[in-house]
Amino acid sequence: MELRHLEYFLACVDQGTFTAAARSLRVVQSAVSTGVAKLEREVGERLFDRTPTVLVLTDAGRAVVGPARAALRSRADIFDAVDGVRGDIRGEVAVGALVNVVSIDLAEAFAEIHRRHPGITIAMRQNPRGTSGNIVGVRSGTLDLAFLGAYPVDIPGLSVHRLAQEPLVLVCAPDHRLALAGSFATSDLADERMIDYPPGWGTRAVVDRDIPHRRTVIEVADQFFGMSLAVKGFGVTLVPLGVAHIQPDAIIVPCTDKPLMWDIAIAHSSTRTPSRAARAVLDAVLELARPVRIRRTPS
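The structure presented is a predicted model; accordingly, all values stated were derived computationally and were not measured.

(A) Structural context of the nonpolar core. Residues Ile104, Phe147, Phe184, Leu189 and Leu238 are the most contacted members of the largest nonpolar core, which totals 43 residues. With eight residues, helix 11 (residues 276–288) is the single largest residue contributor to this core. Ignoring sequence-local partners within four residues, the contact set of Phe147 consists of Val95, Gly96, Leu98, Ile104, Leu106, Asn134, Leu163, Ala265, Ile266 and Val285. By size, the runner-up hydrophobic cluster in this structure holds 20 residues, among which are Ala11, Cys12, Ala21 and Ala68.

Laid out in structure tokens, this is it:
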């Protein structure tokens, strides 16, 4: 059994189609589809049902996912061990990203990683489900590290390192009643037109928890577009303070009745030992990704 075929299979699991899997691996589509077909012949079962739009795992395919990921991790461990003997730290580190992370200085941390260990490649992965998708990725082994926003206090299977905290603030039009008031209570939002973000995002988790009764009029996957809508009077939205300060002409209104806090952290598996490369990235982030100073008064 060739590990390359397992890699193709897992890329199809993660990407959903042969074409997307090939693109993620930077190989031709025929190599992926042929490799998966060879793997299916070898195990004696179909691993995917081919539909017109997406690959769907069969029962046999679902059974293969875990052992396949373990096999590829073992291969990575072998190279990691040999690099350790040489004194080298190299390899790809898959990191689950979050959109619009401005409260910590990631650029400084990543630049220093490059200076210290030029053999490390960081692969940033954006999951549409935000923090919840990143948690799944770390647990499954598709991510070595992941950033989490407004994460649960205790996450089984993950070791979590807090990096920074900032409040969520309201962004609205200049002539909005809450902009004129200069502050708001969570009860003030019950009848407002709310611009929300996707389920699974950290900001959405805070809003669902602290403002469960609200009138959502649109859900967008881009905080800057959400703020643009708010500034033009389409509705109001809640975003981290640092993100709000980047938006031109944003009217920023603080909450007065409860702390709507957004925490950011970095996490890795608590059941698997990080590779030397992943450990180096984690150490640099913990050392250098310090909170960015944010002006705390509303504009």
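Picking up where we left off.
(B) Molecular detail of the pattern of salt bridges. With the rule as written, the count across this model stands at 18 salt bridges. We note a salt bridge from Glu2 to Arg4, for which the minimum N-O separation is 2.5 Å. Residue class for Glu2 comes out partly exposed when judged on its relative accessible area of 39%. With a relative accessible area of 40%, Arg4 lands in the partly exposed category. Two residues, Glu108 and Arg115, come together in a salt bridge whose shortest N-O distance is 3.4 Å. When its relative accessible area of 34% is taken as the criterion, Glu108 is described as partly exposed. Bridged by salt links that share partners, the residues Glu108, Glu112, Arg115, Arg116 and Glu287 form one connected network.

(C) Focus on the pairing of strand 7 (residues 193–196). Strand direction decides the pairing type here: strand 7 and strand 8 (residues 215–219), joined by four bridges, are parallel. Bridge pairing in strand 8 places Met194 opposite Thr216. Handedness of the strand 7-helix 8 (residues 202–210)-strand 8 crossover: right-handed. Bridge count between strand 7 and strand 9 (residues 236–240): two bridges; the pairing is parallel. Within strand 9, the residue paired with Met194 across the bridge is Val236.

(D) Molecular detail of the environment of Phe18. Considering the arrangement of structural elements, one finds Phe18 in helix 2 (residues 18–25). The class of Phe18 is buried, set by a relative accessible area of 13%. Remark: the alpha-carbon pair of Phe18 and Pro199, spanning 181 residues in sequence, is separated by 28 Å.

(E) Just the packing of aromatic side chains, in detail. Tallying each qualifying case throughout the model produces two aromatic pairs. On the basis of an interplanar angle of 45 degrees and a centroid distance of 5.4 Å, the ring pair of Phe9 and Phe48 is categorised as tilted. One end of the pair, Phe9, is in helix 1 (residues 3–15); the other, Phe48, is in strand 1 (residues 48–50), with 39 residues separating them in the sequence. A relative accessible area of 0% places Phe9 in the buried class. Taking relative accessible area as the criterion, Phe48 reaches 1% and is therefore assigned buried. Note on Tyr197 and Trp201: the rings are 5.8 Å apart at their centroids and 5 degrees apart in plane angle, and the pair reads as stacked. One cation-aromatic arrangement involves Arg193 over Phe234; the distance from NZ or CZ to the ring centre is 4.8 Å.

About the thresholds
- Residues numbered from 1 in each chain as written.
- Predicted model: local features only at pLDDT ≥ 70, side-chain atom pairs only at ≥ 80, totals over all residues.
- Heavy atoms only, no water.
- Core = buried A, V, L, I, M, F, W, Y, C linked by side-chain atoms within 4.5 Å.
- Buried < 20%, exposed > 50% of the residue type's maximum accessible area, 1.4 Å probe, protein only.
- Helix = DSSP H or I, 4+ residues; strand = E, 2+ residues; numbered from the N terminus.
- Contact = heavy atoms within 4.5 Å.
- Salt bridge = Lys/Arg side-chain N within 4 Å of Asp/Glu carboxyl O.
- Pairing = 2+ DSSP bridges.
- Right-handed = clockwise from strand over helix to strand, strands pointing away.
- Phe/Tyr/Trp six-rings, centres within 6.5 Å; stacked < 30°, edge-to-face > 60°.
- Lys NZ or Arg CZ within 6 Å of the ring centre and 35° of its normal.

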